[in-house]
Structures are given as structure tokens and as C-alpha cells.
Amino acid sequence: MESKGSSEEGQEGLGPELERLLAMAPPPKAPAWFASKTLGRLRQEKEKDLKPFAFRLKWRWVWAAGTAVLVGGWVLWNQPDPSVEISNAAVFAALDALVEQEHENRWWAGL
């Protein structure tokens, strides 16, 4: 059997009648100085948080633009030159050299 002073969760409480009466009572109003100090502190914190955030936001755009320029330059710089053509003779010479090197590697490996 539960004691008269415990609440439904099993924790010590004031009792259902007293808790109901306390819930019906309006909370006390805060003094005017409390509200003004709280609003002043909130404004100060908002200004402190806003300035570094704006600074970081600007630097993010600078870094993003710089990175985009570097990537764009790298892509343009490394494009193959369309005026350079490789002849069929050069391709076959490179393939022959590759086959010859493979034969030498197998000889040195003892295969």
C-alpha cells in the first residue's frame, strides 16, 4: 500500500490534492529588473554570436570561390591539346616496345 505523501511514479510528492491546488495557482510574476536584465543579456549574447558567425560565413565564401577557381584552372590546364595527333606508327612502336619489355621482364624473372 502506498503512503499518502508519494506520487504515482513512486517518488516522494506533496499529495494529489496539494499538487492540484499548486497547479491551479498562477506562477508569480517576475520583477521588472529581472526581465530587463534577461533581455539585455540575450541581446549581448546575440551580438557576440552574430559577429563571428558573419565573419566565418564570409571566409567560407572566400574559400569556396578560391577552391572553385583552382579546380577550374586545373581542369582547363590539364585538357588534352586537340592539335596534337598521334600517328599509327607511333602507337604500334609503343606497343612493340611494351611487348619487348614484357619478354625481358619474363626472362629476368626466370619464367
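As the structure is a prediction and not an experimental result, all values here were calculated from the model.

1. Remarks on the overall build of the chain
Inference 1: The secondary structure content of the chain amounts to three helices and zero strands.
Inference 2: Taken from the N to the C terminus, the helices and strands of the chain come in the order α-α-α.
Inference 3: Sorting the 111 residues of the chain into buried and exposed places 3% on the buried side.
Inference 4: With the model as given, the accessible surface of the chain reaches about 11,200 Å², and the carbon-plus-sulfur share is 66%.

2. Some remarks on the packing of aromatic side chains
Both the distance between ring centres and the angle between the ring planes are used here to describe each pair of aromatic rings.
Inference 1: Inspection of every chain in the model, using the stated rule, returns two aromatic pairs.
Inference 2: An angle of 85° between the planes, with centres 6.1 Å apart, marks the rings of Trp 33 and Phe 34 as edge-to-face.
Inference 3: Taking the relative accessible area as the measure of exposure, Phe 34 reaches 43% and is therefore partly exposed.
Inference 4: Measuring from ring centre to ring centre gives 4.9 Å for Trp 107 and Trp 108, while their planes differ by 80°; the resulting arrangement is edge-to-face.
Inference 5: Taking the relative accessible area as the measure of exposure, Trp 107 reaches 62% and is therefore exposed.
Inference 6: Looking at Trp 108, the relative accessible area reads 67%, which means it is exposed.

3. Focus on helix α3 (residues 88-109)
Given 3.6 residues to a turn, an α-helix orients residues that are three or four positions apart in the same direction.
Inference 1: Compared with an ideal rise of 1.5 Å per residue, which puts 22 residues at 32 Å, α3 spans 32 Å between its outermost C-alpha atoms and is within 8% of the ideal.
Inference 2: Positive phi shows up at Gly 110, right after α3, with a value of about 80°.

4. Comments concerning the environment of Glu 19
Inference 1: Among the structural elements, Glu 19 can be located in helix α1 (residues 16-24).
Inference 2: Of the polar contacts made by the side chain of Glu 19, one reaches the backbone nitrogen of Leu 14; its length is 3.5 Å.

5. Focus on the confidence of the model for the chain
Inference 1: For the chain, mean pLDDT is 81; residues scoring 70 or higher make up 82% of the total.
Inference 2: Mean pLDDT across the elements of the chain ranges from a minimum in helix α2 (residues 32-77), with 82, to a maximum in α3, with 92.

Criteria and cut-off values
- Residues numbered from 1 in each chain as written.
- Predicted model: local features only at pLDDT ≥ 70, side-chain atom pairs only at ≥ 80, totals over all residues.
- Heavy atoms only, no water.
- Helix = DSSP H or I, 4+ residues; strand = E, 2+ residues; numbered from the N terminus.
- Buried < 20%, exposed > 50% of the residue type's maximum accessible area, 1.4 Å probe, protein only.
- Areas by Shrake-Rupley, 256 points an atom, 1.4 Å probe, with all protein chains shown as cover.
- Phe/Tyr/Trp six-rings, centres within 6.5 Å; stacked < 30°, edge-to-face > 60°.
- Expected span 1.5 Å × (residues − 1).
- Polar contact = N/O pair within 3.5 Å; in protein donor to acceptor, adjacent residues only side chain to side chain.
- pLDDT = per-residue confidence, 0-100.

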